[in-house]
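# Results of the structural survey
Below, each chain spelled out in residue letters.
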Amino acid sequence: MELTKKILSKLIQAVSKSHPDEIGCDECYDQLDTFAQMKLEGKAPEEAMPLVEDHLKRCRDCREEYEALLAAMKNLSNGT
Amino acid sequence: MINWFKRRREEKSSYETNEEWIDALSEPVDEQAVGILRQKLIQGLKPALYKYVDRELDQFVEDVAQDALLKILDNIDSFRGESKLLTWAMKIAVREGLTELRLKRYDDSSLEEFKHPGEGGRDELTAITFASDLPDPEQATHEQLALQKVLKIINEELTEKQKKAMNALMIQGLSITVVAEQMDTNRNALYKLVHDARLKIKNRLEVDGIDPDDLLNRM
């Protein structure tokens, strides 16, 4: 297995940005609908819920779910 | 009197507020509301999941909506009203759909290397070699140094489980859903495991007087 410069950089960056207050996937999921609702209403959930925003930057699976949720709700509001 | 209330419920044709939805989806469940919710889930799931699906989208989305509906009805009491009920319900449906897709995307054979590391208990991470196509010999020295430092810390500070998780998630880039399944744990526990690992590395770098930003700048 080769560790490329890109992967090593990402690993060191992830380490550098680590902090004890990070929330896990369960806590993020619990608040995800609230976070998404704020976004859909044109508010700034990143400011109101920074720990959720932080987790979404770190966790690809949670971020995919968030983006899929936004796409789903936008489709409903468009009525298409 | 009870029949009158039942008839009143049956006459309802739309569900707008959270209170109306909660009332309709709580026992005794209003089947009309369930039908409307199912259609909305299907309508939302299609654009949300189409790019992940390599099979019949319509059937898959209907199956996901049905599975999600069971969870929604089972957990309606846990809805706190901090969002619209549809958003909360769609969150459950999206998780249901994406989880199924992720787990089906990776079969056991693709994770054989992950499940069975090299013989003799050789550490997966220390077995990693650095890419050899570095253009600048001077740069290669800095990067090799960074790699050696980080790998040394990983070997000395992390548990075997943490090394396995770091390898799978951060180096191989696998889905946390899939890795949790393979490690017989759950996403949250796995995230916490890797979070702890990252903090250990960060703390050790600090103890050794190494600034991670400085490491990055030298690379």
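Numbering of residues starts from 1 in every chain and runs along the sequence as written. Note on labels: chains are lettered from A, ligands numbered from 1, in written order. It should be noted that, the model being predicted, local features are given only for residues of pLDDT at least 70 and side-chain atom pairs only at 80 or more, the latter also being counted only at that level, while totals for whole chains, interfaces and linings use all residues.

## Thoughts on the overall build of chain A
- Each helix is a run of H or I in the DSSP string that is no shorter than four residues. Each strand is a run of E no shorter than two, and both are numbered from the N terminus. Assigned secondary structure in chain A consists of 5 helices and 1 strand.
- Starting at the N terminus and ending at the C terminus, chain A contains elements arranged as β-α-α-α-α-α.
- For a compact globule the rule gives 2.2 Å times the number of residues to the power 0.38, and the radius of gyration it is set against comes from C-alpha atoms. Relative to a compact globule of 80 residues, whose C-alpha radius of gyration would be 12 Å, chain A shows 15 Å and is clearly more extended.
- Along the first, second and third principal axes, the C-alpha atoms of chain A reach 50 × 30 × 20 Å.
- Every one of the 80 residues in chain A was classed for burial, and the buried ones make up 39%. Working definition of burial: number of other C-beta atoms within 10 Å of the residue's own, with buried at 20 or more, exposed at 12 or fewer, and partly exposed in between, all C-beta atoms being placed from the backbone.

## Quick word on the overall build of chain B
- When its secondary structure is counted, chain B shows 11 helices and 1 strand.
- Across chain B, contacts joining residues at least 24 apart in sequence account for 63% of those joining residues at least 6 apart. The contact criterion used here is simple: two residues whose C-beta atoms, placed from the backbone, lie within 7 Å are in contact.

## A look at the interface of chain B and chain A
- The partner chain A presents 37 residues to the 46 residues of chain B that form the contact.
- Of all the secondary-structure elements, those providing two or more residues to the side of chain B that touches chain A are α3 (31-49), α5 (85-105), β1 (129-130), α7 (137-157), α8 (160-171), α9 (176-182), α10 (187-207) and α11 (212-218) of chain B.
- Here the side of chain B that touches chain A takes 9 residues from α10 of chain B, the largest share from any one element.
- Each residue gets one of three labels, nonpolar for Ala, Val, Leu, Ile, Met, Phe, Trp, Tyr, Cys and Pro, charged for Asp, Glu, Lys and Arg, and polar for the others, Gly among them. The residue inventory of the side of chain B that touches chain A, partitioned by class, reads 26 nonpolar, 9 polar and 11 charged.

## Re the confidence of the model for chain A
- Every residue gets a pLDDT, meaning the predictor's confidence in that residue, from 0 to 100. This prediction gives chain A a mean pLDDT of 92; 94% of its residues lie at or above 70.
- By mean pLDDT, strand β1 (residues 2-3) of chain A is the weakest element of chain A at 62, and helix α2 (residues 25-40) of chain A is the strongest at 98.

## Quick word on unusual backbone geometry
Residue and element names in this part refer to chain B.
- In the segment running from Glu-27 into Pro-28, the intervening peptide bond is cis, with an omega of -10°.
- With respect to the secondary-structure elements, Pro-28 resides in the loop between α2 (18-25) and α3.
- The backbone of Asp-184 sits at a positive phi, close to 60°, despite the residue not being glycine.
- Tracing the chain through its elements places Asp-184 in the loop between α9 and α10.
- Asp-184 gets classed as exposed once you count the C-beta atoms within 10 Å, which come to 6.

## A word on α3 of chain B
- Between the first and last residue of a helix there are one fewer steps than residues, each counted as 1.5 Å, and that sum is the expected span. Helix length check: α3 of chain B, at 19 residues, gives a terminal C-alpha distance of 26 Å against a target of 27 Å (1.5 Å per residue), a fit within 8%.
- Where α3 of chain B is buried, its residues contact α5 (60-78) of chain A together with α4 (57-74) and α5 of chain B.

## Things to note about the environment of Val-53 of chain B
Residues and elements named next belong to chain B.
- Topologically, Val-53 is positioned in the loop between α3 and α4.
- Note: C-alpha distance between Val-53 and Lys-163 (110 residues apart in sequence) is 32 Å.
- Beyond its immediate stretch of four places on either side in the chain, Val-53 contacts Phe-60 and Leu-101.

## As for the packing of helix α1 (residues 5-16) of chain A against α10 of chain B
- Throughout, an axis means a line fitted to C-alpha atoms (over the contacting stretch in the case of helices), and angles, computed between N-to-C directions, take values from 0 to 180 degrees. Interhelical geometry of α1 of chain A versus α10 of chain B gives an angle of 85° and a closest axis separation of 8 Å. Judged by the angle between their axes, α1 of chain A and α10 of chain B are roughly perpendicular. Here Ala-14, Val-15 and Ser-16 of chain A of α1 of chain A come into contact with α10 of chain B, specifically with Arg-198, Ile-201 and Lys-202 of chain B.
- Looking at side-chain class alone, the contact of α1 of chain A with α10 of chain B contains 3 nonpolar, 1 polar and 2 charged residues. Roughly parallel here means an angle under 35 degrees, roughly antiparallel means over 145, roughly perpendicular means 65 to 115, and every remaining angle is called oblique.

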